[in-house]
Amino acid sequence: MLLANILISTALVIITSMIHFAGLTWLSSFLRGRGHAPADLTSVVLQGLAILFIVLMLFVLHSAEVWVYACAYQILGEFSSFEDALYFSATTFSTVGYGDLIISSEWRLLAALESMNGFLLIGWSTAFLVSVTAKVRSFEIDVEQLDD
């Protein structure tokens with residue numbers, strides 16, 4: 001069973017990492033396509049809306065990744081309903097792990113590796129978001145210099 005846990009976990013880590021990479025690549029492309037707008041108040045508002053859009057898209061990416069794990073748990077027959085599988089996956093992926101739903105000992109390594117995967121992907125998203133907001137901050141400095 002250890003080998004099955006490792007193989008399935010590896011496949012799920014690869015799938016979720018590919019989803020995440022594709023999503024971040026698309027978001028980066030979206031940002032590059034916007035270019036550097038003229039420095040005025042409207043542009044600052046648009047930059048803020050762009051950050052909000054990015055946050056929402058990161059949430060969508062993480063949701064898709066949680067669903068991948070939930071589908072795996074459902075296929076493995078770990079939960080009687082997909083809602084339970086989705087809830088368990090969301091709490092595990094986010095490393096909250098309430099413990100009100102538990103997985104069988106047969107697949108507990110899979111759940112532990114999901115939380116490691118979620119931790120890394122959430123960290124990757126955080127780094128991406130910090131990078132984006134730093135660029136917006138440099139844009140705001142340009143705006144402030146126009147006021148002087």
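Residues numbered from 1 in each chain as written. Predicted model: local features only at pLDDT ≥ 70, side-chain atom pairs only at ≥ 80, totals over all residues. Heavy atoms only, no water.

1. Quick notes on the side chain of Glu78
Phase 1 of the analysis: One can find Glu78 in the loop between helix H2 (41-75) and helix H3 (82-93).
Phase 2 of the analysis: Although Glu78 lies buried, it forms no salt bridge, and the closest oppositely charged side chain, Arg108, sits 10 Å away as judged by the N-O distance.
Phase 3 of the analysis: Of note is the side chain of Glu78, whose polar atom sits 2.9 Å from the backbone nitrogen of Ser104.
Phase 4 of the analysis: If near-sequence neighbours (up to four positions away) are discounted, Glu78 is found in contact with Tyr73, Ile103, Ser104 and Trp107. (Helix = DSSP H or I, 4+ residues; strand = E, 2+ residues; numbered from the N terminus. Buried < 20%, exposed > 50% of the residue type's maximum accessible area, 1.4 Å probe, protein only. Lys, Arg positive; Asp, Glu negative; His and termini not counted. Salt bridge = Lys/Arg side-chain N within 4 Å of Asp/Glu carboxyl O. Polar contact = N/O pair within 3.5 Å; in protein donor to acceptor, adjacent residues only side chain to side chain. Contact = heavy atoms within 4.5 Å.)

2. What to know about the environment of Ile103
Phase 1 of the analysis: Residue position: Ile103 is located in the loop between H3 and helix H4 (108-147).
Phase 2 of the analysis: A residue is classified by how much of its surface remains accessible, and Ile103, at 12% relative accessible area, is buried.
Phase 3 of the analysis: For Ile103 and Phe88, which are 15 residues apart along the polypeptide, the C-alpha to C-alpha distance reads 8.4 Å.
Phase 4 of the analysis: If sequence neighbours within four positions are ignored, Ile103 has contacts with Tyr73, Glu78, Phe88, Arg108 and Ala111.

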